[in-house]
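# Understanding the architecture of this molecule
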Amino acid sequence: MLRFILGASGAGKTTYIYDEIIKESMANMDKQYILLVPDQFTMETQKDIVVKHERHGSMNIDILSFGRLAFRVFEELGISKMSILDDTGKTLLLRHAIEKSQDKLKLFYDKYKFFGFVEEMKSSISELYQYGISLEQLDKIIEDTKEHKATSMKLHDIKIIYEAFKEEVRSISNEENTYITKEEVLAKLCEVIRDSKIVRDSIIYIDGFTGFTPVQNRLLGLLLECSSQMNMAVTLPKYECGDLTSVGFKEVKEHELFAMSKTTINKLMALAADRQICTETPVILDGSDGSRFRDNKILGHIEENIFRLNDYDKIATDDSFEIYVAENSMTETGFVAEKISELVRKSSGTLKYRDIAVVTGDLEGMKRNIEKAFKRADIPYFMDNKRTLITNPFVNIIRDILRIVAEDFSYESVFSYIKNCMSPIALEDADMLENYVLGCGIRGKKAYSNSFTKKYRGLTEEELAQCEEVRKKLMDALSDFVDRDYTQMTVAEISDAVCEFVTKHELEHKLLAYEERFREEGKYSLAAEYSQTYALVMELFDKLVSLLGAEKITLKEYRRLLDDGFDEIKVGIIPLVMDQVVVGDIQRSRLNHIKVLFVIGVNDGIIPAKGGKPGLLSSSDRTILKNLDMELSPTVREQAFIEKFYLYLNLTKASDRLIMTYSTSAADGSPLRPSYLIGAIKDMFVDCKEYSAKNSMKSTILSKQGAFDRMASKILSYGSEDIDDLWKRYAEKYSIDNYNISYE
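Report on the accompanying structure. (Residues numbered from 1 in each chain as written. Predicted model: local features only at pLDDT ≥ 70, side-chain atom pairs only at ≥ 80, totals over all residues. Heavy atoms only, no water.)

## Observations regarding the overall build of the protein
- When its secondary structure is counted, the protein shows 27 helices and 17 strands.
- Principal axes of the C-alpha set define a box for the protein whose edges measure 95 × 80 × 55 Å.
- Counting only residues that meet the buried cut, the protein has 51% of its 744 residues in that class.
- Within the protein, residue pairs in contact and separated by at least 24 positions form 77% of the contacts whose partners lie at least 6 positions apart.
- For the protein, the accessible area works out to roughly 36200 Å², and carbon and sulfur atoms hold 48% of it. (Helix = DSSP H or I, 4+ residues; strand = E, 2+ residues; numbered from the N terminus. Buried < 20%, exposed > 50% of the residue type's maximum accessible area, 1.4 Å probe, protein only. Contact = heavy atoms within 4.5 Å. Areas by Shrake-Rupley, 256 points an atom, 1.4 Å probe, with all protein chains shown as cover.)

See below:
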């Protein structure tokens, strides 16, 4: 039996599911209840269920993602001889597969060396796995697209690499252990799900999803067969449900705001009909009970009308919705920090930092300014993004020693190593050695292996002796690694040499020392990153050896493989404290229980984002394939409509206040335009104004650091403008207690 729980964003669908699943599970303790949510929501959902449950436990309720459900079933059925090939392992095998099949390629034969090509190909192959496209289907599609030569050639090369990659995966598998990609996990689950007692006759609830891939739909069809009831929450307002028939919606137009929701309903109803499973009358929530906007007319008005073509009456606004315009990103983030501090301070304890979220369409571009502003205002925050290790000093020192060998002690490679904070050379010695090397034109292993005796004008004997000591220290550190012959080595042998270097120089202990230092300084995110770095890098070497260990490889190819692996490593940081502001990406971040939402950087091309790159297959390629009934990821045009839906979901997350900000100029001074979203929401109200986002003087005294920075700027201008008594008092305090600043 299939039942939908429908309602607009904030109508109370999740609350309805929590209340019902807790009530039913307590009344039927012998029944198994499964709540399926996206990966990012599992921990939060578990906490919510435990808090809501009168026995404060999940009892006979399993909160799972699709992936966790798969591994739960595999464990139940004793399927243990299977290893999951993650993104890092996939990248390593894929590069090897591309190089081996290069001669068979028509269009991409010389492209694999270009930066980003392997990543693009990996995305294409992951897409084929996710959408269940087999090699046989690709052969047929290639035949059907012969009239479109470019598309056919692309598909030919993708198929060649896809086949070679599958062969690489098979070659590392054996009777003891079978490797599969993480995209194949659900396909494997589909093969065995009918044997699972966990799923058999269970009652399933599904919440938090906006759509499903073909493989997920196939799994949902099997779950419909095996369970006694499936309940699915779908975001669809009550007024949109009028066209819902016993077989779904007759027509779904791609430009409709809720096209994704209607398509999801249609596919699920078709799956149920194919299996002769009845669909119950849906539960339709209108928000009258427990709506997020029940007490907030302004935000409710935005939810009801944003991105709609219907006529509506404009209403007067209040501080529930505000727009601020800043001069630039630095001013914008400074204002946001001030506003957050002010809201928390004036709430008398009713508003916590955890009730506030900040989202943007350009988290990478605004991250640094956000960090500066929040640290200055002493605002605890969690940056919801995964960090890459490519700039970590431990990763870079490994890349440096390989580069020194590959480039025969080039100036750039040597001093990149020497100036790394984990090298044994002190910074002042590095500067002195650099002057000597540049002055005497030192280059190559032979030059560094011989004593430094050459002098240049102005160099004293004492300084020459110091340079020689630094040279000896450098070569002592590197000799064991650089004296090997890397021309005929295997992947395992090169990896062993690198790991010996890491052990000899106790780099793990240096990482731990930095972790401890960051923890003492209150830099908990950096401490968390450094605590994971060593294990993640060693895991990469283990994968290199287990997947490609016996392969003979050049040092150039090894460096390329290793860099691809480093690029794939992402450090996930979990929130370290409960009460902190979440700062995230408007598309990626999942928000829950938010009272105040700041949407910042609402400029043209950022929110909504410009059309992303379609990948190896262009939008026209995807359109051709869609006409041949080959379902793949959305085209750029389709993605633009989907992004509107995600914007709708994010803009309706806050229950109390929505604050939007944008800048008028970029960091280089070039002008910026506001997003069309600003005008679209302003038009919903009769008196919506834009306020200037300026950092007032009070924003600088929200913390000790901010006060000192402001005071320092005032001292610099002393004599050219009047200094008020407030800053005189701060100057006196800092000059006496801390900084010995003379102030008359």
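## Quick word on the pattern of salt bridges
- Under the definition given, this model contains 51 salt bridges.
- Members of the salt-bridge network, linked through shared partners, are Asp87, Lys90, Glu119, Lys122, Lys182, Glu183 and Glu568. (Salt bridge = Lys/Arg side-chain N within 4 Å of Asp/Glu carboxyl O.)

## What to know about the sheet that holds strand β17 (residues 690-692)
- With parallel pairing, seven strands are arranged side by side in an open sheet as β11-β14-β10-β15-β16-β9-β17. A strand with exactly one partner marks an edge of an open sheet, and here the two such strands are β11 (381-383) and β17. Within this sheet the neighbouring strands show an average axis-to-axis angle of 25 degrees, counted without direction.
- Judged from the three bridges that link them, strand β9 (residues 321-326) and β17 form a sheet pairing that is parallel. Bridging across to β17, Val325 finds its partner in Ser692.
- Together, β10 (356-360), β11, β14 (581-585) and β15 (594-600) form the strand contacts of helix α13 (residues 363-376), whose direction differs from that of β11 by roughly 160 degrees. (Pairing = 2+ DSSP bridges. Axes fitted to C-alpha atoms, helices over the stretch in contact; angles between N-to-C directions.)

## Here we look at helix α20 (residues 507-520)
- Helix length check: α20, at 14 residues, gives a terminal C-alpha distance of 20 Å against a target of 20 Å (1.5 Å per residue), a fit within 8%.
- Burial in α20 covers these residues: Leu507, Leu511, Tyr514, Glu515 and Phe518. Across the axial projection of α20, the buried residues extend over an arc of 105 degrees, all falling on one side. Residues His509 and Glu520 are exposed on α20 and point more than 90 degrees away from its buried face.
- The positive-phi residue at the C-terminal boundary of α20 is Gly522, with phi of around 80 degrees. (Expected span 1.5 Å × (residues − 1). Arc of directions from axis to C-beta.)

## What about the packing of aromatic side chains?
- By the definition in use, this model includes 27 aromatic pairs.
- A centroid spacing of 5.3 Å and a plane angle of 35 degrees characterise the contact between Phe209 and Phe212, whose relative ring orientation is tilted. We note that Phe209, like Phe212, is buried.
- Summarising the aromatic geometry, the rings of Tyr436 and Tyr456 are spaced 6.2 Å apart at their centres and angled 40 degrees between planes, so their arrangement reads as tilted. One end of the pair, Tyr436, is in helix α16 (residues 427-440); the other, Tyr456, is in the loop between α17 (445-449) and α18 (461-482), and 20 residues separate them in sequence.
- The partly exposed category is assigned to Tyr456, whose relative accessible area is 29%.
- Through successive ring pairs, a cluster of aromatic residues spans Phe409, Tyr436, Tyr448, Phe452 and Tyr456.
- Between Lys262 and the ring centre of Phe249, over which it is positioned, the NZ or CZ distance is 5.1 Å. (Phe/Tyr/Trp six-rings, centres within 6.5 Å; stacked < 30°, edge-to-face > 60°. Lys NZ or Arg CZ within 6 Å of the ring centre and 35° of its normal.)

## Focus on the layout of surface pockets
- Approximately 1200 Å³ is the volume found for the second largest pocket.
- Around the second largest pocket, the lining comprises 34 residues; the ones closest to its centre are Glu371, Lys375, Tyr381, Arg387 and Ser525.
- Of all the secondary-structure elements, those providing two or more residues to the lining of the second largest pocket are α13, β11, β12 (387-388), α20 and α21 (524-548).
- In terms of residue count, the dominant contributor to the lining of the second largest pocket is α13 (seven residues).
- Per-class residue counts for the lining of the second largest pocket are 15 nonpolar, seven polar and twelve charged. (1 Å grid on protein atoms, 1.4 Å probe; cavity = no way out; pocket = protein on both sides within 12 Å on 5 of 7 lines; lining within 4 Å. Points joined across faces, edges and corners; volume = space filled by probe spheres on them. Nonpolar A, V, L, I, M, F, W, Y, C, P; charged D, E, K, R; others polar.)

## A short note on the side chain of Ser663
- Here Ser663 shows up in strand β16 (residues 654-663).
- Of note is the side chain of Ser663, whose polar atom sits 3.4 Å from the backbone nitrogen of Ser329.
- Not counting residues within four places of it along the chain, the set of residues in contact with Ser663 comprises Ala326, Glu327, Asn328, Ser329, Glu332, Asn603 and Leu672. (Polar contact = N/O pair within 3.5 Å; in protein donor to acceptor, adjacent residues only side chain to side chain.)

## Digging into empty space enclosed by the protein
- In total, this model carries three cavities of 30 Å³ or more according to the counting rule given.
- Counted as a void, the largest cavity has a volume near 60 Å³.
- Lining the largest cavity are Ser124, Glu127, Leu128, Leu138, Leu155, Ile158, Leu617, Met630 and Leu632.
- Residue contributions to the lining of the largest cavity peak at three residues, all from helix α5 (residues 117-130).
- Its residues assigned to classes, the lining of the largest cavity shows seven nonpolar, one polar and one charged.
- When its volume is computed, the second largest cavity comes out at roughly 50 Å³.
- For the lining of the second largest cavity, the elements supplying multiple residues, two or more each, are β7 (229-235) and α10 (259-274).
- Among the residues making up the lining of the second largest cavity, the classes are represented as six nonpolar, four polar and no charged.

## Some remarks on the nonpolar core
- In this structure, Met121, Ile398, Tyr417 and Tyr448 are the most contacted members of the largest nonpolar core, which totals 101 residues.
- With ten residues, α21 is the largest single contributor of residues to this core.
- Leave out the neighbours within four places in its chain, and Ile398 touches Val498, Val502, Val537, Phe541, Leu562 and Phe566.
- Judged by nonpolar contacts, the second largest core, of 83 residues, contains Leu36, Phe74, Ile206 and Leu257. (Core = buried A, V, L, I, M, F, W, Y, C linked by side-chain atoms within 4.5 Å.)

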